[in-house]
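If you want the building blocks of each chain, they are given just below.
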Amino acid sequence: MSNSMWGGRFSEGPAAIMEEINASIGFDQKLYRQDIAGSKAHAAMLARQGIIAADDAEKIAAGLDAILREIEAGEFKFSRALEDIHLNIESRLKELIGDAAGRLHTARSRNDQVATDFKLWVRDTIDAMDAALRELQVALADKAFEHAGQVMPGFTHLQSAQPVTFGHHMLAYVEMIGRDRGRFQDARRRLNENPLGAAALAGTSFPIDRFQTSASLGFDRPTANSLDSVSDRDFVIEALAAASLCAIHLSRFAEEIVIWSSAQFRFIKLSDKFTTGSSIMPQKRNPDAAELVRAKTGRIIGAQTALQIVMKGLPLAYQKDMQEDKEQAFDAFESLELAIAATTGMVLDMEPEAATLKKAAGSGFATATDLADWLVRELNMPFRDAHHVTGRIVAIASERGVELTKVTLDEMQAVHPAITEAVYSVLTVDKSVRSRTSYGGTSPKNVRSQAKRWQRALAREAKA
């Protein structure tokens, strides 16, 4: 049998393998809300323009509302033979309202229809992602304010570098997530143009009003070129690029959680809510939530790469290759949404181990830069000379197996006789972090100020 929805040109049905490779209803049924919204806006515009009768438009709208209720109640029967979400809904609409359903597809094609549906879905997903990322920022900013004065080691090359505060570390991720949100918002602004009415590729001869459907669907304007309208998937790739970078940030944080919660570091404690045990080793508390956040990054980056490869060689306009735009994108955004939720949960759950952090902050001669800075300030020494003198004093401490605070004044004066006992005032980790008052620095005062700034800004967003 031919497909009654598009089979006028065909006298036979597709081969089984053709149906298998061609059908997308197994995944694009996720677009049902967007497909129904687009169809309702299109029908209303057709009626307003006198292209279809108002009575038919009312029947179409009522039928689409009924289909929406059926799908959300789990009563709708999706058919692989009807290929995709568009034909499944249109077929059911005909069963419900008869011939009036056939007027819905006037002045449009599945090409502009799917582009519109997918844009609406990506836009909805970006909005949901933005809200979830805001909640993560709130959790991080609250944790930063709570632990603004908690000293911990700051690392470069995963080697002890300079003391920082736990709050300062949390605020670094607030900034990263803020940039992620900005990228998603930029992508949203660019995608918010309406392809509906571009039809198959050349526009339509019917006197449609694309500005009306754009307003109805919340788009800023209609797309300006019909060829580009149906062949564009930049909006998905750009959103996936933002998702990939966001996932990288979450993965970096997850890696730190894995390290910090290990027995060798013991910087933080995670409760049973976000850890699991071992089937053989009863002592284990594994940071599985963090590890899975880290792993999901591969799926998200993979989806972006896959779609870029699909699109790289396609001539204008629509090609069936573009059906491969959805499945991995759906998976990527669902993976990111889960990773954000898990990360937010871990931030709320984790507690820094104050004593361990403070002890670690002073290891590895972490206040050596403070010593060099003191030599510059107090002895008017060029920094490069101060760096050399400090290096020699660090070498003495290393040879003796002690921290800088335990190097005697005599030993320091043997390196440079002008050093005085006042140097010890800058060698503790608490004094080190308090001294870092430059804008963006780690001093507790700075951290509290920045955390409050973020808390106020995020609270305003929530009320907007």
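Structure report, in brief. (Residues numbered from 1 in each chain as written. Predicted model: local features only at pLDDT ≥ 70, side-chain atom pairs only at ≥ 80, totals over all residues. Heavy atoms only, no water.)

## Digging into the overall build of the protein
Here is step 1: On a plain count of helices and strands, the protein comes out with 18 helices and 6 strands.
Here is step 2: Here the C-alpha coordinates of the protein stretch approximately 100 × 50 × 40 Å along the principal axes.
Here is step 3: Scored against the burial criterion, the 464 residues of the protein give a buried share of 48%.
Here is step 4: Sequence-distant contacts, at least 24 apart, represent 75% of the contacts inside the protein between residues at least 6 apart.
Here is step 5: For the protein, the computed accessible surface area is about 22,500 Å², with 52% contributed by carbon and sulfur atoms. (Helix = DSSP H or I, 4+ residues; strand = E, 2+ residues; numbered from the N terminus. Buried < 20%, exposed > 50% of the residue type's maximum accessible area, 1.4 Å probe, protein only. Contact = heavy atoms within 4.5 Å. Areas by Shrake-Rupley, 256 points an atom, 1.4 Å probe, with all protein chains shown as cover.)

## Some thoughts on the nonpolar core
Here is step 1: Residues F118, F184, L250, F333 and L336 are the most contacted members of the largest nonpolar core, which totals 91 residues.
Here is step 2: The biggest single contributor to this core is helix α10 (residues 234-260), with 16 residues.
Here is step 3: For F118, the contacting residues outside a window of four places in its chain are L31, R233, F235, V236, D325, K326, A329 and F330.
Here is step 4: With 21 residues, the next largest nonpolar core counts L371, M381, I393 and V423 among its residues. (Core = buried A, V, L, I, M, F, W, Y, C linked by side-chain atoms within 4.5 Å.)

## What about a nonpolar patch on the surface?
Here is step 1: Taken together, the side chains of I17, M18 and I21 make up a nonpolar region of the molecular surface, amounting to roughly 350 Å² of accessible area.
Here is step 2: The exposure class of I17 is exposed, given its relative accessible area of 66%. (Patch = residues over 30% accessible without salt bridge, like charges linked within 9 Å, V, L, I, M, F, W, Y side chains within 5 Å. Salt bridge = Lys/Arg side-chain N within 4 Å of Asp/Glu carboxyl O.)

## Structural notes on the pattern of salt bridges
Here is step 1: If you walk through the whole model with that rule in mind, you get 29 salt bridges.
Here is step 2: Among the ionic pairs, D180 bridges to R183, the shortest N-O distance being 3.1 Å. A residue pair is termed a helical-turn pair when its members lie 3 or 4 positions apart in one helix, as D180 and R183 do in helix α7 (residues 166-191) at 3 residues.
Here is step 3: Given the relative accessible area of 0%, D180 is considered buried.
Here is step 4: Between R181 and E461 there is a salt bridge whose closest N-O contact spans 2.4 Å. In this pair, R181 sits in helix α7 while E461 sits in helix α18 (residues 444-463), placing the two residues 280 residues apart along the sequence.

## Concerning the side chain of S244
Here is step 1: Structurally, S244 is set in helix α10.
Here is step 2: Look at S244 and you get buried, because its relative accessible area is 5%.
Here is step 3: Excluding residues within four positions of it along the chain, S244 makes contact with I300, I301 and Q304.

## Structural notes on the pairing of strand β2 (residues 159-165)
Here is step 1: Of the pairings in the sheet, the one linking strand β1 (residues 151-156) to β2 comprises 6 bridges and is antiparallel in character. Note on β2: the bridge partner recorded for T156 is Q159.
Here is step 2: A loop of 2 residues connects β1 with β2, the two strands running antiparallel in sequence, and H157 in this loop sits at a positive phi of about 60°. (Pairing = 2+ DSSP bridges.)

## Overview of the packing of aromatic side chains
Here is step 1: Using the criterion set out here, one finds 11 aromatic pairs in the structure.
Here is step 2: Chaining the aromatic ring pairs together yields one cluster made of F118, W121, F235, F330 and F333.
Here is step 3: Geometry around F330 places K30 over its ring, the cationic atom sitting 6.0 Å from the centre.
Here is step 4: Looking at R123, its charged tip hangs above the ring of F219, at a distance of 5.0 Å from the centre. (Phe/Tyr/Trp six-rings, centres within 6.5 Å; stacked < 30°, edge-to-face > 60°. Lys NZ or Arg CZ within 6 Å of the ring centre and 35° of its normal.)

## Points about the environment of Q150
Here is step 1: With respect to the helices and strands, the residue Q150 is situated in the loop between α6 (110-146) and β1.
Here is step 2: Remark: the alpha-carbon pair of Q150 and E95, spanning 55 residues in sequence, is separated by 67 Å.
Here is step 3: Contacts of Q150, omitting those with residues within four sequence positions, involve V164, T165, F166, A354, L357 and K358.
Here is step 4: Among the polar contacts listed, one links the side chain of Q150 to the backbone oxygen of A354, at a separation of 3.3 Å. (Polar contact = N/O pair within 3.5 Å; in protein donor to acceptor, adjacent residues only side chain to side chain.)

## Description of the packing of α6 against α7
Here is step 1: Taken N-terminus to C-terminus, the directions of α6 and α7 make an angle of 165°; their axes are 9 Å apart at the nearest point. When the interaxial angle is binned, α6 and α7 end up roughly antiparallel. As for how α6 packs across α7, the hand of that crossing is left-handed.
Here is step 2: Of the residues assigned to the contact of α6 with α7, the class counts are 17 nonpolar, 4 polar and 8 charged. (Axes fitted to C-alpha atoms, helices over the stretch in contact; angles between N-to-C directions. Parallel < 35°, antiparallel > 145°, perpendicular 65-115°, else oblique. Left-handed = near helix turned anticlockwise from the far one by under 90°. Nonpolar A, V, L, I, M, F, W, Y, C, P; charged D, E, K, R; others polar.)

## Quick notes on unusual backbone geometry
Here is step 1: A cis amide bond links L316 to the next residue, A317, at an omega of 5°.
Here is step 2: Counting through the fold element by element, A317 comes out in the loop between α11 (288-311) and α12 (327-349).
Here is step 3: Unusually for a residue other than glycine, E83 sits at a positive phi of about 70°.
Here is step 4: Note that E83 resides in the loop between α4 (54-72) and α5 (85-97).
Here is step 5: Positive phi, close to 55°, is recorded for F365, a residue that is not glycine.
Here is step 6: Looking at the secondary structure, you find F365 in the loop between α13 (354-361) and α14 (368-379).
Here is step 7: Classification of F365 as partly exposed rests on a relative accessible area of 22%.

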